[in-house]
Amino acid sequence: MNVDSTTADAAISAVAAAISEPARTRMLCCLMDARARTSTELAMVADVSPSTASVHLQRLRSQRLVKVFAQGKHRYYSLEGANVAAALESLAVIGGGQRDPFVAHTPNLLRAARTCYDHIAGTLGVGLHDRFKALGWLSLCSRTGVAYDLTPTGAKACTALGIDVESCRERRRRFAYACLDWSERRPHIAGALGAAVLNVALRRKWVIQDPDSRALAVTTRGRREMQTRFGLPD
């Protein structure tokens with residue numbers, strides 16, 4: 001056996017050992033829905049104490065199976081990438097297991113669409129983020145995968161929406177970044193660009209702000225326009 005083969009064997013063994021511990025397996029399977037969770041939530045899923053969960057998560061990070069994203073005072077964990085999810089899915093097929101779906105406990109009105117400070121959050125916000133990426137309007141500009149810039153196509157599309165892109169860039173705040181949505185546990189667009197998108201949606205009556213909460217009501221015009229312009233499902 002040559003050195004390269006031995007090294008590969010050791011790497012596979014280390015990853016397999018990290019996955020095989022039942023508590024860590026439950027954590028990984030929980031994260032397969034692409035939603036991030038805190039260590040406290042993962043401790044509950046794994047049925048271990050918070051301190052034990054921290055040790056497990058550190059082991060998973062050391063094998064590059066999960067990554068951590070800090071937002072405010074919270075730290076959210078997610079799978080390192082699609083390759084990890086694919087490997088776990090294959091193991092689940094071999095093992096014949098089935099994971100439980102993610103269940104949100106956020107009131108329906110807030111979960112559907114709401115403001116997060118000055119940008120759109122909830123299912124609508126996450127959907128817009130996903131469509132902007134799928135349309136090739138956003139490009140990553142940081143190793144952490146959090147900060148965004150607009151591609152030439154994206155800049156043109158945003159200008160067509162009535163967004164002053166250059167003015168957004170000149171503001172004393174981040175231009176665009178992924179803000180983890182607390183109900184969907186997936187990112188929506190924040191920053192100056194996110195605020196501009198919300199302003200457009202309000203100005204064009206695509207959404208109406210509830211006067212007594214952060215909830216946004218999507219209008220009939222809004223559904224039609226966002227389906228036509230962004231390909232959002234009706």
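Refer to the structure presented above.
What comes next is a walk through the structure. Throughout this document, residue positions are counted from 1 along each chain, in the order its sequence is written. Thresholds applied to this predicted model are a pLDDT of at least 70 for local features of residues and 80 or more for the giving and counting of side-chain atom pairs; totals over whole chains, interfaces and linings are not thresholded and use all residues. Excluded from the side-chain calculation are hydrogens and water; included are all heavy atoms of the structure.

### Remarks on the pairing of strand β3 (residues 74-79)
In the sheet, strand β1 (residues 37-38) pairs with β3 via two bridges, with the strands oriented antiparallel. Looking across to β3, one finds that Thr38 is bridged to Tyr76. For two strands to be treated as a pair, DSSP must find at least two bridges joining them. Helix and strand assignments follow DSSP, with helices taken as H or I runs no shorter than four residues and strands as E runs no shorter than two, numbered in order from the N terminus. Relative to β3, strand β2 (residues 66-71) runs antiparallel, the two sharing six bridges. When the bridges of β3 are listed, Phe69 appears paired with Tyr76.

### A look at the packing of aromatic side chains
Aromatic pairs are defined between Phe, Tyr and Trp rings, using the six-membered ring for Trp, whenever the two ring centres lie within 6.5 Å; interplanar angles under 30 degrees are classed as stacked, those over 60 as edge-to-face, and all others as tilted. Tallied over the entire structure, the rule returns four aromatic pairs. Note on Phe132 and Phe230: the rings are 5.5 Å apart at their centroids and 55 degrees apart in plane angle, and the pair reads as tilted. Here Phe132 is found in helix α7 (residues 122-134), whereas its partner Phe230 is found in helix α11 (residues 220-230), with 98 residues between them in sequence. In this pair, the class of Phe132 matches that of Phe230, namely buried. Where Trp137 meets Phe230, the ring centres are 5.9 Å apart and the plane angle is 80 degrees; that geometry is what we call edge-to-face. Of this pair, Trp137 sits in the loop between α7 and β6 (138-140) while Phe230 is found in helix α11, placing the two residues 93 residues apart along the sequence. Residue classification places Phe230 among the buried positions, given a relative accessible area of 3%. The rings of Phe132, Trp137, Trp206 and Phe230 are connected pair by pair, giving a single aromatic cluster. The cationic tip of Arg169 hangs over the ring face of Phe175; the distance from NZ or CZ to the ring centre is 4.6 Å. In this scheme, the term charge over a ring applies when either NZ of a lysine or CZ of an arginine sits within 6 Å of the ring centre and within 35 degrees of the ring normal. The lysine or arginine in question, Arg174, covers the ring of Tyr177, its NZ or CZ lying 3.6 Å from the ring centre. Classification of residues uses two cut-offs on accessible area relative to the type maximum, computed with a 1.4 Å probe and protein chains only: under 20% is buried, over 50% is exposed, and between them is partly exposed.

Spatial relationships are all this shows, so hold off on functional conclusions.
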